[in-house]
There are 2 protein chains.
Amino acid sequence: MKTLQPLTPINKTLLDDFAACFKPVKKNYSRGEVIMRLDDDNKSVGILISGTAHLITTTFDGTKTIIDYFEQGSIFGRRFSPGTQTDPYTVIAKNRCTVWLVDYLKVITPCEKRCDKHIRLIDTMLLTMAQRAQLHVEVLGKRTIRGKLLSYFYYLSKARSARTFTLPLSLSDLADYISADRSAMMRELKKLNEEKILISHACKITILKIIPL
Amino acid sequence: MKTLQPLTPINKTLLDDFAACFKPVKKNYSRGEVIMRLDDDNKSVGILISGTAHLITTTFDGTKTIIDYFEQGSIFGRRFSPGTQTDPYTVIAKNRCTVWLVDYLKVITPCEKRCDKHIRLIDTMLLTMAQRAQLHVEVLGKRTIRGKLLSYFYYLSKARSARTFTLPLSLSDLADYISADRSAMMRELKKLNEEKILISHACKITILKIIPL
DNA sequence: AAAAGTCTGTTGCATTTGCAACAAAAACGT
DNA sequence: ACGTTTTTGTTGCAAATGCAACAGACTTTT
């Protein structure tokens with residue numbers, strides 16, 4: 001699957017500011033490698049410079065849930081666990097990727113100059129993280145697979161300002177993201193096609209009709 | 001339903017710091033009143049001093065989802081919408097409550113003295129909000145009603161350090177929080193009782209056995 | 001170029017869930 | 001203290017979902 005424009009793009013200026021303020025450590029990872037374990041002690045923040053990565057958690061029976069996915073420009077890290085945490089949260093590289101890592105404390109502690117840039121950066125970072133969690137709750141909050149798919153698709157369509165778009169996740173991974181059985185999801189996707197609400201071929205989606213959820 | 005200790009307690013010192021740093025406006029609301037609309041322009045942060053409130057969203061067909069619930073000490077506000085946002089998010093008083101309101105910008109902008117307290121405050125606030133979103137994703141991420149119930153109950157049990165506890169939501173509201181049909185949830189609750197995994201009478205729950213989800 | 005692995009797409013069947021509707025208990029307001 | 005509203009608890013039935021299993025397409029690795 002090809003890499004796409006980030007959903008919440010971090011522009012170049014912001015990246016430059018980030019580098020200037022925080023002096024990040026740059027690292028590379030290849031497919032399957034663990035980029036970060038999000039346990040309680042983790043005090044790192046990362047920006048994905050290239051490649052894609054997933055934040056996943058796996059239960060004892062092997063059921064995987066994709067909590068979040070990261071593309072070029074995504075900020076991640078310190079996904080504070082609510083404290084239950086039996087299952088580990090890990091950020092795993094989906095393919096070769098480059099990451100900038102910084103200490104979380106550096107981020108929330110204002111730098112010497114108390115510069116505006118810094119404050120805007122914190123704001124952007126938190127906004128991004130909060131928005132993504134919010135989106136996920138909104139999607140997962142739908143009671144049916146159809147509702148989950150449509151609310152996610154409508155979001156993507158709006159975010160990219162296009163009726164046609166390519167998913168940032170494989171259909172397999174999408175099922176894990178919306179927390180549904182893959183075959184059940186495929187069936188629902190088929191129905192949506194038959195009812196001419198959308199057209200889909202693998203990860204390519206075209207919205208034909210917007211219906212209330 | 002009686003008010004309980006907050007899940008993520010904000011201690012008195014923190015509240016004092018908050019008051020000192022931000023000079024909040026104090027307001028009172030009675031049951032059903034809208035405390036805050038969480039649209040994109042909203043730039044307020046609130047702390048619930050007494051009473052309970054829910055953050056809800058309602059779809060066109062009347063399906064209500066409880067996104068979050070607030071008790072004494074809960075911090076809420078600026079729940080950045082992901083941008084789809086067809087349905088409004090509102091914080092509604094569940095009963096008579098007192099709220100402190102401050103401007104979000106004041107919170108993220110470091111104060112004159114760049115005091116440590118301020119930074120810890122920001123950290124605590126964000127931690128709290130992030131944890132709650134994370135918990136919700138963790139609960140909603142379970143594929144079955146049983147899984148949702150148990151992961152939530154285990155969390156509460158751990159948070160309160162007790163096998164027996166009272167839910168912070170009515171069963172009706174709990175169904176909306178875990179995004180399930182109430183009757184289906186009641187059925188599942190009954191089964192959990194029959195299988196002696198827990199004992200429940202209305203909002204009073206006792207965990208008997210911890211099983212893998 | 002072949003082999004291994006992943007991803008898409010599909011189906012039958014058992015189970016879970018949602019929907020609609022109702023009754024009793026509890027909480028609330030005046 | 002009374003009537004009103006909310007909440008808990010239940011059921012039958014239809015619809016949605018999960019599970020298991022399989023085949024072909026596509027990618028990546030060797």
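Just so it is clear, the structure is predicted and the values come from calculations on it, not from any experiment. Position numbers for residues count from 1 along each chain, tracking the sequence in the order it is written. To label them, take the chains in the order written and letter them from A, then take the ligands in the order written and number them from 1. In keeping with the predicted nature of the model, local features appear solely for residues at pLDDT of at least 70, side-chain atom pairs appear and are counted solely at 80 or more, and the whole-chain, interface and lining totals rest on all residues. To get the side-chain values, take all heavy atoms of the structure and skip hydrogens and water.

## Description of the overall build of chain A
Thinking step 1. Under the DSSP-based scheme used, a helix requires at least four consecutive residues in state H or I and a strand at least two consecutive residues in state E, with every element numbered from the N terminus. Assigned secondary structure in chain A consists of six helices and 11 strands.
Thinking step 2. Three labels apply to residues, based on accessible area from a 1.4 Å probe with only protein chains included: buried if under 20% of the type maximum, exposed if over 50%, partly exposed otherwise in between. The buried share of chain A, taken over its 213 residues, is 58%.
Thinking step 3. Contacts in chain A between residues far apart in sequence, at least 24 positions, make up 72% of those at least 6 positions apart.
Thinking step 4. In the structure as shown, chain A presents an accessible area of about 9600 Å², 53% of it carried by carbon and sulfur atoms. Any two residues having at least one pair of non-hydrogen atoms within 4.5 Å are treated as being in contact. Here, Shrake-Rupley sampling with a 1.4 Å probe gives the accessible areas, and only protein chains in the shown set may cover a residue.

## Here we look at the protein's contact with DNA strand C
Thinking step 1. To be near a molecule or strand, a residue needs just one of its heavy atoms within 4 Å of it. Close to DNA strand C lie 22 residues; Ser172(A), Lys190(A), Ile145(B), Asp181(B) and Ser183(B) are nearest.
Thinking step 2. For DNA strand C, the backbone makes up 50% of the atoms found within 4 Å of the protein, where backbone means sugar plus phosphate.
Thinking step 3. Side-chain polar atom of Lys190(A) to a phosphate oxygen of DNA strand C: 2.9 Å apart, as the coordinates give it.
Thinking step 4. Contact distances for DNA strand C include 3.3 Å between a phosphate oxygen and a backbone N or O atom of Ala202(A).
Thinking step 5. Partitioned by chemical class, the residues of the surface near DNA strand C number seven nonpolar, five polar and 10 charged. Here a polar contact is taken to be a pair of N or O atoms separated by no more than 3.5 Å, where protein atoms must pair a possible hydrogen donor with a possible acceptor and residues adjacent in sequence count only if both atoms sit in side chains. Three classes are used: nonpolar for Ala, Val, Leu, Ile, Met, Phe, Trp, Tyr, Cys and Pro, charged for Asp, Glu, Lys and Arg, and polar for all others, with Gly counted as polar.

## Structural notes on the protein's contact with DNA strand D
Thinking step 1. Among the 21 residues in the neighbourhood of DNA strand D, the closest are listed as Ile145(A), Ser183(A), Arg187(A), Ser172(B) and Lys190(B).
Thinking step 2. The sugar-phosphate portion of DNA strand D accounts for 49% of its atoms within 4 Å of the protein, the bases making up the rest.
Thinking step 3. Side-chain polar atom of Glu188(A) to a phosphate oxygen of DNA strand D: 3.4 Å apart, as the coordinates give it.
Thinking step 4. Elements with a minimum of two residues in the surface near DNA strand D: helix H6 (182-194) of chain A together with helix H5 (171-177) and helix H6 (182-194) of chain B.
Thinking step 5. It is H6(B) that contributes the most residues to the surface near DNA strand D, five residues altogether.
Thinking step 6. Residues belonging to the surface near DNA strand D are distributed by class as follows: seven nonpolar, five polar and nine charged.

## Focus on the environment of Arg143(B)
Thinking step 1. By the secondary structure assignment, Arg143(B) is in the loop between helix H3 (116-140) and helix H4 (145-160).
Thinking step 2. Residue class for Arg143(B) comes out partly exposed when judged on its relative accessible area of 35%.
Thinking step 3. Distance from Arg143(B) to Ser172(B), taken between C-alpha atoms, is 20 Å for residues 29 residues apart in sequence.
Thinking step 4. Discounting chain neighbours no more than four positions away, the residues touching Arg143(B) are Thr63(A), Lys64(A), Thr65(A), Ala175(A), Asp176(A), Ser179(A), Ala180(A) and Asp181(A).
Thinking step 5. Among the polar contacts made by the side chain of Arg143(B), one reaches the side chain of Asp176(A) at a distance of 3.3 Å.

## Description of the pairing of strand S10 (residues 198-201) of chain A
Residues in a regular strand project their side chains so that they alternate between the two faces of the sheet.
Residue and element names in this part refer to chain A.
Thinking step 1. Here S10 shows a buried face lined by Leu 198 and Ser 200 and an unburied face lined by Ile 199 and His 201.
Thinking step 2. Paired strands are those between which DSSP finds at least two bridges. Here S10 pairs with strand S11 (residues 204-207) via four bridges, running antiparallel. The partner of Ser 200 across the bridge, within S11, is Ile 205.
Thinking step 3. Linking two consecutive strands that pair antiparallel, namely S10 and S11, is a turn of two residues; a positive phi of about 50 degrees is found at Ala 202 within it.

## Notes on unusual backbone geometry
Residues and elements named next belong to chain A.
Thinking step 1. Of note in the backbone geometry, Ser 161 takes a positive phi value of approximately 50 degrees without being a glycine.
Thinking step 2. Note on placement: Ser 161 falls in the loop between helix H4 (145-160) and strand S9 (164-166).
Thinking step 3. On the basis of relative accessible area, Ser 161 is assigned to the exposed category, the value being 66%.

## A look at the sheet that holds strand S4 (residues 53-58) of chain A
Residue and element names in this part refer to chain A.
Thinking step 1. Pairing is antiparallel across the open sheet formed by four strands, whose spatial order is S2-S7-S4-S5. The open sheet terminates on both sides in strands that have one partner only, identified here as strand S2 (34-37) and strand S5 (64-70). Each strand axis lies, on average, 25 degrees off the axis of its neighbour in the sheet, ignoring direction. Axis definition: a line fitted to C-alpha atoms, limited for helices to the stretch in contact. Angles are taken between N-to-C directions and run from 0 to 180 degrees.

## Quick look at the pattern of salt bridges
Thinking step 1. Should a side-chain nitrogen of Lys or Arg be within 4 Å of a carboxyl oxygen of Asp or Glu, the pair is scored as a salt bridge. Taken as a whole, this structure holds 14 salt bridges over all chains when the rule is applied.
Thinking step 2. Note that Glu195(B) is salt-bridged to Arg146(B), the shortest N-O span being 2.9 Å. Taken as a pair, Glu195(B) in the loop between H6 and strand S10 (198-201) and Arg146(B) in helix H4 lie far apart in primary sequence, 49 residues in all.
Thinking step 3. Where salt bridges share partners, they join Lys64(A), Lys94(A), Asp173(A), Asp176(A) and Arg143(B) into one cluster.

## Remarks on the domain arrangement of chain A
Residues and elements named next belong to chain A.
Thinking step 1. All domain edges in this entry derive from an automatic or database-based domain assignment. Domain boundaries assigned for chain A yield domain 1 (12-139) and domain 2 (143-207).
Thinking step 2. Each side of the interface is counted separately: domain 1 has 12 residues, and domain 2 has 10 residues.
Thinking step 3. Here the quantity called buried area is the accessible surface, traced with a 1.4 Å probe, that two parts lose on coming together, added over both. For the pairing of domain 1 and domain 2, the buried interface totals around 1100 Å² over both sides, and the portion due to carbon and sulfur atoms is 59%.
Thinking step 4. On the domain 1 side of the contact with domain 2, Tyr 69, Leu 135 and Val 139 bury the most area, a combined 49% of that side's loss.
Thinking step 5. Between the two partners, domain 1 and domain 2, sit three salt bridges.

## Re the sheet that holds strand S3 (residues 44-50) of chain B
Residue and element names in this part refer to chain B.
Thinking step 1. Pairing is antiparallel across the open sheet formed by four strands, whose spatial order is S1-S8-S3-S6. On the outer flanks of this sheet lie strand S1 (25-29) and strand S6 (75-76), each paired with one strand and no other.
Thinking step 2. Bridging between S3 and S6 involves two bridges; their strand directions are antiparallel. The residue of S6 that forms the bridge with Gly 46 is Phe 76.
Thinking step 3. Strand contacts of helix H1 (residues 12-22): S3 and strand S8 (97-103), with the helix running at about 45 degrees to S8, the strand carrying the most contacts.

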